[in-house]
Amino acid sequence: MIGKLQGIIEHIGDGFVIVMVGGVGYKVYTPEFLTAGAGATLWIETIAREDSLRLFGFSSLAGLELFNRLTGVSGVGPKVALAILATLKPDVLMSAIATGDIKTISSAPGVGKKMAEKIIVELKGKAAPSDIGAAGGAAAPLHDLLSALESLGYRRADCAEMAQRLSRENLGADAGELVKLALKEIAK
């Protein structure tokens, strides 16, 4: 099986790229933002089915591992896992899992409330503390901050990464203080 590809991005399609390696073009499905003509190194997960052989590529081993965790959840296939990883950065996703944030996870295309709940239930215990960072200890203020920003009209998926960073940097802050910090940052 193929574990890693290093080559030039020949073509960018809808959800996939063609990576030229030694004169051979590999079609790799990826959530990564890549540039045609640029060099790329992708960690590969090969999925073989009766009727197909597909390659899924990630710029980091952490992305590959998270993809494998997601596809290990019953009902989450490679297409949905890619949609989740294309919508949410790995640290935002792991924070949402740790805090039980259904709305953030369900912001990915093809992921409804029930699937988001299933992902949280099945992956919450499997997440290593290093995956979650300090977000686990700041669950209530983070959740309140995201809810407040959402009620002000901001999309949860757009502000989840900033909210997670602010709650991690300001561990003692309550939701009100975090909202003020977030609005200042958005205004910049």
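That block above? That's the structure.
These figures come from a predicted structure and were not determined experimentally.

Which parts of the structure should I look at to understand helix H2 (residues 78–87)?
Side chains that are three or four residues apart share a direction in an α-helix, a result of its 3.6 residues per turn. Most of H2 is tucked away: seven of the 10 residues are buried. Residues of H2 that are buried in the fold lie against strand E3 (24–29), strand E4 (39–48), strand E5 (53–58), helix H1 (61–71), helix H3 (90–99) and helix H5 (113–123).

Sorry if this is basic, but what is going on with a positive patch on the surface here?
On the surface, Lys 27, Arg 49, Arg 54 and Lys 79 cluster together to form a positively charged patch. Following the sequence through the fold, Arg 54 ends up in strand E5.

How should the nonpolar core be read in this particular structure?
Grouped together as the largest cluster of nonpolar side chains are 43 residues, with contacts concentrated most on Phe 67, Leu 70, Ile 84, Leu 93, Ile 105 and Ile 119. Of all elements in the fold, only E5, H1, H2, H3, H5, helix H7 (139–151), helix H8 (156–169) and helix H9 (175–187) reach the threshold of two or more residues within this core. The element contributing the most residues to this core is H8, with six residues. With sequence-adjacent residues up to four places away left out, Phe 67 is seen in contact with Glu 45, Ile 47, Phe 56, Phe 58, Pro 78, Ala 81, Leu 82 and Leu 85.

Got a minute to help me understand the sheet that holds E4 in this structure?
Strands belonging to one sheet form pairs held by backbone hydrogen bonds; the direction of such a pair is parallel or antiparallel. The strand order E1-E2-E3-E5-E4 describes a closed barrel built from five strands, whose pairing is mixed. When the angles between neighbouring strand axes are averaged without regard to direction, this sheet yields 55°. On top of the sheet, H1 reaches E4 and E5; it is set at about 20° to E4, its chief contact. Sitting on the sheet, H2 is in contact with E3, E4 and E5, with an inclination near 15° to E5.

Would you mind showing me how to read a nonpolar patch on the surface here?
Taken together, the side chains of Leu 152, Tyr 154, Leu 183 and Ile 186 define a hydrophobic patch exposed on the protein surface, amounting to about 320 Å² of accessible area. On the secondary structure map, Leu 152 appears in the loop between H7 and H8.

What exactly am I supposed to notice about the pairing of E3 here?
Note that strand E2 (residues 16–21) and E3 share six bridges and pair antiparallel. Note that in E3 the partner of Phe 16 across the bridge is Tyr 29. The hairpin formed by E2 and E3 contains two residues between the paired strands, and Gly 22 there has a positive phi angle of roughly 55°. Across two bridges, the pairing between E3 and E5 is parallel. Of the residues in E5, the one forming a bridge with Val 28 is Leu 55.

Which parts of the structure should I look at to understand the packing of H1 against H2?
Across the interface, H1 lies against H2 with an axial gap of 9 Å and an inter-helix angle of 130°. The angle between H1 and H2 places the two elements in the oblique class. The hand of the H1/H2 crossing is right-handed. Facing Gly 63, Leu 66, Phe 67, Leu 70 and Thr 71 of H1, the residues of H2 in contact are Pro 78, Ala 81, Leu 82, Ile 84 and Leu 85. Within the contact of H1 with H2, the residues separate by chemical class into eight nonpolar, two polar and no charged.

Calculation notes
- Residues numbered from 1 in each chain as written.
- Predicted model: local features only at pLDDT ≥ 70, side-chain atom pairs only at ≥ 80, totals over all residues.
- Heavy atoms only, no water.
- Buried < 20%, exposed > 50% of the residue type's maximum accessible area, 1.4 Å probe, protein only.
- Helix = DSSP H or I, 4+ residues; strand = E, 2+ residues; numbered from the N terminus.
- Contact = heavy atoms within 4.5 Å.
- Patch = residues over 30% accessible without salt bridge, like charges linked within 9 Å, V, L, I, M, F, W, Y side chains within 5 Å.
- Areas by Shrake-Rupley, 256 points an atom, 1.4 Å probe, with all protein chains shown as cover.
- Salt bridge = Lys/Arg side-chain N within 4 Å of Asp/Glu carboxyl O.
- Lys, Arg positive; Asp, Glu negative; His and termini not counted.
- Charge placed at Lys NZ, Arg CZ, Asp CG, Glu CD.
- Core = buried A, V, L, I, M, F, W, Y, C linked by side-chain atoms within 4.5 Å.
- Pairing = 2+ DSSP bridges.
- Axes fitted to C-alpha atoms, helices over the stretch in contact; angles between N-to-C directions.
- Parallel < 35°, antiparallel > 145°, perpendicular 65-115°, else oblique.
- Left-handed = near helix turned anticlockwise from the far one by under 90°.
- Nonpolar A, V, L, I, M, F, W, Y, C, P; charged D, E, K, R; others polar.

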